[in-house]
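# Survey of secondary and tertiary structure
One letter stands for each residue in the lines below.
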Amino acid sequence: MEAGAGGSGAHLAALVLARGGSKGIPLKNIKLLAGVPLIGWVLRAASDAGVFHSIWVSTDHDEIEKVAKQFGAQVHRRSPEVSQDSSTSLEAIREFLNHHHEVDIVGNIQATSPCLHPSDLIKVADLIQKEGFDSVFSVVRRHQFRWSEVKKGENKMTEPQNLNPAKRYRRQDWPGELYENGSFYFAKRHLIEKGYLQGGKMAYYEMRAEHSVDIDIDIDWPIAEQRVLSFGYFGKEPLKEVKLLVCSIDGCLTNGRIYVTEDQKEMVSYDYRDIVGIDLLKKRGIEVRLISERDCSKTLSAMQLGCAAKVSATNKLQVLEDWQKDMGLSWKEVAYLGNEESDVECLKKAGMSGVPADACAVAQKAAGYICKSNGGCGAVREFAEHIFLLLEKVNSARKQMEEVSSAGKETARK
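Residues numbered from 1 in each chain as written. Predicted model: local features only at pLDDT ≥ 70, side-chain atom pairs only at ≥ 80, totals over all residues. Heavy atoms only, no water.

## Overview of helix H10 (residues 316-326)
- Of the residues making up H10, those classed as buried are Lys316, Val319, Leu320, Glu321, Trp323 and Gln324.
- If you follow the buried residues of H10, they end up packed against strand S10 (244-248), strand S13 (287-291), strand S14 (308-310), strand S15 (334-337) and helix H11 (344-349).
- Looking one or two residues beyond H10, the residue adopting positive phi is Gly328, at roughly 65°. (Buried < 20%, exposed > 50% of the residue type's maximum accessible area, 1.4 Å probe, protein only. Helix = DSSP H or I, 4+ residues; strand = E, 2+ residues; numbered from the N terminus. Contact = heavy atoms within 4.5 Å.)

Next comes the structure, spelled out in structure tokens:
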């Protein structure tokens, strides 16, 4: 097959453009959205679609490169010339193609579209590889009446653009109009080299309105999180609710400092917000247990947390495995908050893992979530909120599965 001609033999690459600079939110592309870096949502969808020969992130920033690789993407370091505020997507894509001659088709996926699903990408790949389209782009259907703009100082009236005011459509009687939503643009190499992302034999792909989320244009961050929790794609493996949180005492629940009085009594400090976090977890039915390498039983007794604890633990992983087996839990149902090298194996085992902001480097590398708060300064409360987000995801995913199952049964009846 001729290179760039499409078909299943052509190299289809997913490409996410992610500059470090942002006029709005600094490093927005890797800011956590519902517990996942923004760019991670689309990289996970692209990976699970299984239609791409390669998945790339084009960036000029070290931190974005690090996150991209964590999600299994390859990284193209873009030049300063195409990393300016004035640089266009087309310029960045053409630079990428100049360095990757094996690529025949580019699927340019917008990092700011966190509700993209693999099923959308699979169907688009079929359009361009099997049905012979040269370019395919995403659209969404909107039911909005348009009027002509009247600029200040102009002595004229506005005019209707897509309606008759004397006979306004009811929503259910009007199919609406198709608008680009910017989620993705697929195009063959020969078009891009000529300076086009859309051209040749073109097709649009209509996305569901609830999946058409563009953080740059439509919504702000808190609203986006709720949309993602309701309509985002959470991965192939079914999510499970966390049933057990194990928290390292020193450096997580406390700041790791030990104060010694003149009569050689030890004192530690803790943050009341963390106690509230533990109480909230318990109210949601999540068991909270504590672990320490020190013998700090007197301190725990004074704190009156009402949590089972293991002190003088020489092997934290063994303790964690014993608790997991005793409760009959899978690892996906276990969360762990640690901060030291001795916590690393536990962080790797747990289905959800976190560390305070001031945890040691090896613990940070092993963790799935790094808190903004330091140990003893609200990190437990913050990690509790992260767990609650997962619970919302689980409930949302369960509803999605129920809807799919219901739709399947309805189709079968027909």
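Back to the text.
## Some details on the pairing of strand S4 (residues 54-59)
- A large share of S4 lies buried, amounting to six of its six residues.
- Going residue by residue along S4, you find Ser54, Trp56 and Ser58 tucked away on one face and Ile55, Val57 and Thr59 tucked away on the opposite face as well.
- Examined bridge by bridge, strand S1 (residues 12-17) and S4 share five bridges and lie parallel to one another. Paired with Leu17 across the bridge in S4 is Ser58.
- Two elements, S4 and strand S5 (residues 74-77), share four bridges in a ladder whose sense is parallel. Directly across from Thr59, in S5, lies its bridge partner Arg77. (Pairing = 2+ DSSP bridges.)

## Looking at the side chain of His100
- Within the secondary structure layout, His100 lies in the loop between helix H3 (89-99) and strand S6 (105-109).
- For His100, a relative accessible area of 11% gives the class buried.
- Setting aside residues up to four positions removed in sequence, His100 forms contacts with Trp56, His76 and Arg189.

## A few points about the sheet that holds S13
- Read across the open sheet, the six strands follow the order S14-S13-S10-S15-S16-S17; overall the sheet is parallel. Taken across any chain shown, the strands that pair with only one partner, and hence form the sheet edges, are S14 and strand S17 (369-370).
- Note: S15 against strand S16 (residues 352-355), three bridges, orientation parallel. Pairing of Tyr336 across the sheet is with Ser353, part of S16.

## A look at the packing of helix H1 (residues 38-49) against helix H4 (residues 118-129)
- Viewed as axis vectors pointing N to C, H1 and H4 meet at an angle of 55°, and their least axial separation amounts to 8 Å. Considered as vectors, H1 and H4 are oriented oblique to each other. Viewed along their axes, H1 and H4 form a crossing whose handedness is right-handed. Contacts between H1 and H4 pair Ala45, Ala46, Asp48 and Ala49 from the former with Pro118, Leu121 and Ile122 from the latter.
- Grouping the constituent residues of the contact of H1 with H4 by class yields six nonpolar, no polar and one charged. (Axes fitted to C-alpha atoms, helices over the stretch in contact; angles between N-to-C directions. Parallel < 35°, antiparallel > 145°, perpendicular 65-115°, else oblique. Left-handed = near helix turned anticlockwise from the far one by under 90°. Nonpolar A, V, L, I, M, F, W, Y, C, P; charged D, E, K, R; others polar.)

## Here's the deal with the environment of Leu27
- With respect to the element layout, Leu27 can be found in the loop between S1 and strand S2 (32-33).
- For the pair Leu27 and Ile64, spaced 37 residues apart in sequence, the C-alpha to C-alpha distance is 7.9 Å.
- Excluding anything up to four places from it in sequence, Leu27 contacts Gly20, His61 and Ile64.

## Observations regarding the nonpolar core
- Formed by 38 residues in total, the largest nonpolar core has its most connected members in Ile39, Phe52, Ile109 and Leu121.
- Residue assignment for this core shows that the elements contributing at least two residues are S1, H1, S4, helix H2 (62-70), S6, H4, strand S8 (177-188) and strand S9 (202-206).
- With residues near it in sequence (within four places) discarded, Phe52 still touches Leu12, Ala13, Ala14, Ala46, Ile109, Leu121 and Phe186. (Core = buried A, V, L, I, M, F, W, Y, C linked by side-chain atoms within 4.5 Å.)

## Section: H1
- Where burial is concerned, most of H1 is hidden: nine out of the 12 residues are buried.
- By the burial criterion, the buried members of H1 are Leu38, Ile39, Gly40, Trp41, Val42, Leu43, Ala45, Ala46 and Ala49.
- At the exit of H1 stands Gly50, carrying a positive phi of roughly 70°.

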